[in-house]
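Examination of the molecular architecture
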Amino acid sequence: ISKEKLTSPRILLIQGKGSYLFSGEIRFGKEVFYDARVRIKDGDPRQVTRIFYKDLPLAMAASGNLSFKGTSKEFSGDGFLDAPGGTAYGHAFDALSVRAKLLTDRILFPAVAARQGKARATGSGEIDWKGNYAAQLDAAAVDPVALGLLLKDSQVQTTMRFKTRGKGNVAHPSFEVE
């Protein structure tokens, strides 16, 4: 610890079944600059995003690495998380793997893979803080009932495979399906 910076080689926090190994430094000056890394094992990613950004609609125990660098106005981050099950933005999954890059004006998702039962999906995309997005998704073995395309008591038993691309705002989403 000095007047100019606070350096932490490693701090281990344990909460419930999850562990968070933090390292990095905070430099004090005209603006506070942080350069931090965290390794999560079976932890709630919201515990980390709340510190540097805000609470996200996630319910899972995930493992992976995250890094953050910058000030409160100009920042970036990078990371990957794997989760064996849970929900993200209201959608349930049995397995999820996400690679993300945080920028000052948006989050990039260069690689996302999810599995729910026999259904599989892979994709990529980005979303900005105003809700504007661009995304592409390839899905296979998807139950049309899960998408609301068939009633639950329908006699039709089938699965779907499709590719979709979308661009717009989350308030008025627009997707094209192949």
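Reading the values: the criteria
Residues numbered from 1 in each chain as written. Predicted model: local features only at pLDDT ≥ 70, side-chain atom pairs only at ≥ 80, totals over all residues. Heavy atoms only, no water. Pairing = 2+ DSSP bridges. Helix = DSSP H or I, 4+ residues; strand = E, 2+ residues; numbered from the N terminus. Axes fitted to C-alpha atoms, helices over the stretch in contact; angles between N-to-C directions. Salt bridge = Lys/Arg side-chain N within 4 Å of Asp/Glu carboxyl O. Buried < 20%, exposed > 50% of the residue type's maximum accessible area, 1.4 Å probe, protein only.

Taken in spatial order, the three strands make up an open sheet running 4-7-8, and their pairing is antiparallel. The open sheet is flanked by strand 4 (58–60) and strand 8 (91–93), the only strands paired with a single partner. If you compare each strand with its neighbour and ignore which way they point, the axes differ by 30 degrees on average. Bridge analysis of strand 7 (residues 86–88) against strand 8 gives three bridges, and the strand direction is antiparallel. The partner of alanine 88 across the bridge, within strand 8, is histidine 91.

Before going further, it helps to spend a moment on the sheet that holds strand 12 (residues 132–142). Ordered in space as 1-2-3-5-6-9-10-11-12-13-14, the eleven strands form an open sheet in which the pairing is antiparallel. Of all strands in the sheet, those bounded by a partner on one side alone are strand 1 (5–15) and strand 14 (175–177). Strand-to-strand twist of the sheet, defined as the mean angle between neighbouring strand axes without regard to direction, takes the value 10 degrees.

We now examine unusual backbone geometry. Positive phi, close to 50 degrees, is recorded for aspartate 42, a residue that is not glycine. One can find aspartate 42 in strand 3 (residues 33–43). The phi dihedral of alanine 141 falls on the positive side, at around 60 degrees, and the residue is not glycine. By the secondary structure assignment, alanine 141 is in strand 12.

Let us look at the pattern of salt bridges. Within this structure, the stated rule accounts for ten salt bridges. A salt bridge links lysine 5 to glutamate 25; the nearest nitrogen and oxygen atoms lie 3.8 Å apart. Taken together, the residues lysine 5 in strand 1 and glutamate 25 in strand 2 (residues 18–27) connect sequence positions 20 residues apart. A residue is classified by how much of its surface remains accessible, and lysine 5, at 34% relative accessible area, is partly exposed. With a closest N to O distance of 3.9 Å, lysine 69 and aspartate 35 form a salt bridge. One end of the pair, lysine 69, is in strand 5 (residues 62–70); the other, aspartate 35, is in strand 3, and 34 residues separate them in sequence.

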